[in-house]
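# A closer look at the structure
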Amino acid sequence: MDDIDEETAPPHAQVEEEFRPYYPEKVEDEGVLTKEGLKKKLIKVGEGWDAPLLGDEVTGAELRGCDDGIITMRLGEIALFTVPPKLTHGIQETFPSIPADATLQFEIELISWLKVVDVCEDGGIIKKILHRTEAIERAKEKDEVTVKYEVKLDDGTVVAKSPEDGIEFVVHDEQLCPAIAKAVVTMRKGEKAVLTVQPEYGFGEKGRPATDDNQFPAIPPNSVLTIFLELVAFKLLEYITEDKKVIKKITCPMETFEKPNSGAVAHIRYVGKLADGTIFDKKGHDGEEPLEFLVDEDQVISGLDLAAATMRKGEIALVIVGPEYGYADTQYEAKLAVVPAHSTLYYEVEMVDFTKVKESWDMEPEEKIEYAGRRKEEGNAYFKAGKYERASLRFDMAVKYVEFESTFSEEQKKIGKFFKVTCSLNNAACKLKLKKYREATKLCTNVLKLESQNVKALFRRAQAYIETTDFDLAELDLKKALEIDPDNRELNSEYARLKKLQAYYDKKDSKLYASMIEKLRLSDGKASEFFCTLVVQFLVAESNGPDFCGCNFQEEKKLVEVN
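Residues numbered from 1 in each chain as written. Predicted model: local features only at pLDDT ≥ 70, side-chain atom pairs only at ≥ 80, totals over all residues. Heavy atoms only, no water.

### Considerations on the overall build of the protein
Counting its secondary structure elements, the protein contains 12 helices and 19 strands. Accessible area of the protein: about 33200 Å², with a carbon and sulfur share of 52%. (Helix = DSSP H or I, 4+ residues; strand = E, 2+ residues; numbered from the N terminus. Areas by Shrake-Rupley, 256 points an atom, 1.4 Å probe, with all protein chains shown as cover.)

Here you go:
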């Protein structure tokens, strides 16, 4: 301990040599798979690339120490594994005659295995796949599925069973218990599996009483369930309209990406039915030619038109059309039956073929301008007819065709700007009618970037701001517009309306503030002082704009109102 340290450099650290496994690929090749010394000699090459994962179920005798080897095997493969004593610890309990220090060899043929999946990654639903399929697509939460199931308790008692041909439901609506919906979104069409379900994904602490018809007995509280589940089929569900009044259930999806664009020539084969199954119309069957029509040109009912625009060539779907997108409150004499007013319609549709309208990038400048002009005229006609959605789409398309002007001449750029301004303003008018005020604001802002003094853009943006109660912004736009055109009657009328609305809301707010102060006055102590301070800050902020003091007082306002 008294000796001096005469080393001139620190000692070299003992670095453990990195282990690199060798996986044999040819017959008679042998390699070490793990740093514990597990060896594998390949006797027969397997098929494909799929291999078991740790946790999957492989049937066979006790193969102590071979797990890390089996996950390297492919279907039909035969291999000889040499397992050192430290990996076979405990095997003597099953085979007492094996010496404790024995190195063992196992010749294994991988015939099959069952893939095991922890569905929720918490052990609550363990899925063991009994039958796999070649299908790729999985069902999603919004899709409609058909499943078959049988539910058993630990003692084998059957407590629930689906009809023989299965049961149909939308995944997010669940069926029987949460486990089925959660498992089905991990399955492919035709897949069969057995689920081990803990109570939290089954029937929980309450259990379930016997069925009304006494066909199935009660499920006791906190029961662990075994569910045999088969995904028979599923339909990809698409909500075509925001209000979910037009729904498309895809029964035969296609892998292509192209869909008809506005104005495309579509050819569809369809059968139209009422809710009771009555066929009222069909086309393209029994040797008849498919229906030909222009997409988005009002040549078929709105719901069918909108759905067709989302379909790929060869796709087959069930399209459900609410009355608002069908014949509404009108009774219609169809080809094969009368469609009563307010009927929901069911169309079995196949998109046989379509020819798209030339895209803007494939057009010459002259074609783009001509197309924009034609779309604007169509939009104007739809607007006058009160069809604001269709009008909005036409104006939007007109702008898109003149949006990129790098190949335009100076004269063509002027015409392009004219269409951008006028069609955006017309589109803003549509959005106001449709109560899509934020979109109207954005369209007017785009116009003002091109023409900062455009009175119509200022006026329509102010209208949108008023509807969203952004009164200060509305006032700024109206004042600027009045500076440009002080005698404009519409501007003056809108400004007067704004002032009335501001006065109404100011009066309403003053009553709210008075009520808040009164409540605070009646409260006591430091809480009262704290809330009074918040109220004063809030009033100052309101009078100076929402960003005054860099604070947001909305939460404080809610807190004061509650108290």
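Let us keep going from here.
### Focus on the packing of aromatic side chains
Tallied over the entire structure, the rule returns eight aromatic pairs. Following the ring pairs from residue to residue traces out a cluster consisting of Tyr-270, Phe-280 and Tyr-347. (Phe/Tyr/Trp six-rings, centres within 6.5 Å; stacked < 30°, edge-to-face > 60°.)

### Comments concerning the environment of Leu-75
Positionally, Leu-75 belongs in the loop between helix H1 (67-70) and strand E3 (78-83). Separated by 37 residues in the primary sequence, Leu-75 and Ser-112 have C-alpha atoms spaced 6.6 Å apart. For Leu-75, the residues in contact, after removing those within four places along its chain, are Gly-46, Glu-47, Asp-50, Leu-110, Ile-111, Ser-112 and Trp-113. (Contact = heavy atoms within 4.5 Å.)

### Here's the deal with the side chain of Thr-441
Positionally, Thr-441 belongs in helix H7 (residues 437-450). Residue Thr-441 is classed as buried on the basis of its relative accessible area of 13%. (Buried < 20%, exposed > 50% of the residue type's maximum accessible area, 1.4 Å probe, protein only.)

### What about the sheet that holds strand E2 (residues 39-44)?
Pairing in this open sheet of four strands is antiparallel, and the strands run E1-E2-E3-E4 from one edge to the other. Both edges of this open sheet fall to strand E1 (30-32) and strand E4 (104-109), since each of them pairs with a single strand only. This sheet shows a mean twist of 20 degrees between the axes of neighbouring strands, independent of strand direction. Looking at chain direction, E2 and E3 are connected through five bridges and run antiparallel. When the sheet's bridge partners are listed, Lys-40 is paired in E3 with Phe-81. (Pairing = 2+ DSSP bridges. Axes fitted to C-alpha atoms, helices over the stretch in contact; angles between N-to-C directions.)

### A short note on the pattern of salt bridges
Scanning the entire structure with this criterion turns up 45 salt bridges. A salt bridge links Asp-286 to Lys-282; the nearest nitrogen and oxygen atoms lie 3.1 Å apart. A relative accessible area of 71% means that Asp-286 is categorised as exposed. Asp-305 is the salt-bridge partner of Arg-390, the closest N and O atoms lying 3.0 Å from each other. (Salt bridge = Lys/Arg side-chain N within 4 Å of Asp/Glu carboxyl O.)

### Some remarks on unusual backbone geometry
For Glu-28, which is not glycine, the phi dihedral falls at a positive 80 degrees. Secondary-structure assignment places Glu-28 in the segment before E1. Its identity as a non-glycine residue notwithstanding, Asn-214 has a phi of 60 degrees, on the positive side. Mapping Asn-214 onto the fold places it in the loop between strand E10 (192-197) and strand E11 (225-239).

### Let's talk about the side chain of Ser-223
Within the fold, Ser-223 resides in the loop between E10 and E11. At 2.6 Å, the side chain of Ser-223 forms a polar contact with the backbone oxygen of Pro-220. Excluding its chain neighbours within four sequence positions, the residues that come into contact with Ser-223 are Leu-153, Val-197, Gln-198 and Pro-199. (Polar contact = N/O pair within 3.5 Å; in protein donor to acceptor, adjacent residues only side chain to side chain.)

### Re helix H4 (residues 365-384)
Here H4 spans 29 Å end to end across 20 residues, near enough to the 28 Å set by a 1.5 Å rise per residue. Here the buried face of H4 lies against helix H5 (388-401) and helix H6 (410-433). (Expected span 1.5 Å × (residues − 1).)

### Re the pairing of strand E16 (residues 316-321)
Of all six residues making up E16, five are buried, and the element is well covered by its neighbours. Sheet analysis places strand E12 (residues 246-252) next to E16, joined by six bridges and oriented antiparallel. The partner of Val-246 across the bridge, within E16, is Val-321.

### Describing the nonpolar core
If you look at the biggest cluster of nonpolar residues, it comprises 62 residues, and the most contacted ones within it are Val-145, Ile-227, Leu-229, Leu-345 and Tyr-347. Apart from the residues lying within four places of it in its own chain, the contact partners of Tyr-347 are Tyr-270, Val-271, Gly-272, Phe-280, Ile-301, Leu-304, Ala-317, Leu-318, Val-319, Val-321 and Tyr-327. Val-447, Leu-458, Phe-459 and Leu-491 belong to the second largest nonpolar core, which has 21 residues in total. (Core = buried A, V, L, I, M, F, W, Y, C linked by side-chain atoms within 4.5 Å.)

### Thoughts on the packing of H6 against H7
Axis separation between H6 and H7 bottoms out at 8 Å; the angle between their running directions is 160 degrees. The pairing of H6 with H7 is recorded here as roughly antiparallel in orientation. In the crossing of H6 with H7, the sense of the turn from one axis to the other is left-handed. Between H6 and H7, the contacting residues are Lys-417, Lys-420, Val-421, Ser-424, Leu-425, Asn-427, Ala-428, Lys-431 and Leu-432 on the first element and Tyr-437, Glu-439, Ala-440, Leu-443, Cys-444, Val-447 and Leu-450 on the second. (Parallel < 35°, antiparallel > 145°, perpendicular 65-115°, else oblique. Left-handed = near helix turned anticlockwise from the far one by under 90°.)

### A closer look at the environment of Val-271
The topology assignment puts Val-271 in strand E13 (residues 265-273). By relative accessible area, Val-271 is classed as buried at 11%. In contact with Val-271, not counting residues within four places along its chain, are Ile-279, Asp-281, Lys-282, His-285, Tyr-346, Tyr-347 and Glu-348.

### Some thoughts on the packing of H5 against H6
Between H5 and H6, the shortest axis-to-axis distance is 9 Å and the interhelical angle comes to 155 degrees. As judged from the angle between their axes, H5 and H6 are roughly antiparallel. Note that H5 runs across H6; the crossing there is left-handed. Contacts from Tyr-388, Ala-391, Ser-392, Phe-395, Asp-396, Ala-398 and Val-399 in H5 reach Phe-419, Lys-420, Cys-423, Ser-424, Asn-426, Asn-427, Cys-430, Lys-431 and Lys-433 in H6. Tallied by class, residues from the contact of H5 with H6 come to eight nonpolar, four polar and four charged. (Nonpolar A, V, L, I, M, F, W, Y, C, P; charged D, E, K, R; others polar.)

### As for the confidence of the model for the protein
For the protein, per-residue confidence averages 87 on the pLDDT scale, and 87% of positions sit at 70 or higher. Contacts of residues 543-563 to residues separated by more than four positions or lying in other chains number 22 contacts, the stretch itself having pLDDT below 50. (pLDDT = per-residue confidence, 0-100.)

### What about H7?
The end-to-end C-alpha distance of H7 is 21 Å, a good match for the 20 Å that 14 residues give at a rise of 1.5 Å each. Taken together, the buried positions of H7 are occupied by Tyr-437, Ala-440, Thr-441, Leu-443, Cys-444, Val-447 and Leu-448. The arc that holds every buried residue of H7, seen down its axis, measures 165 degrees, which confines them to one face. Looking at H7, the residues exposed on the side facing more than 90 degrees away from the buried face are Arg-438, Lys-442 and Lys-449. Residues of H7 that are buried sit in contact with H6 and helix H8 (455-467). (Arc of directions from axis to C-beta.)

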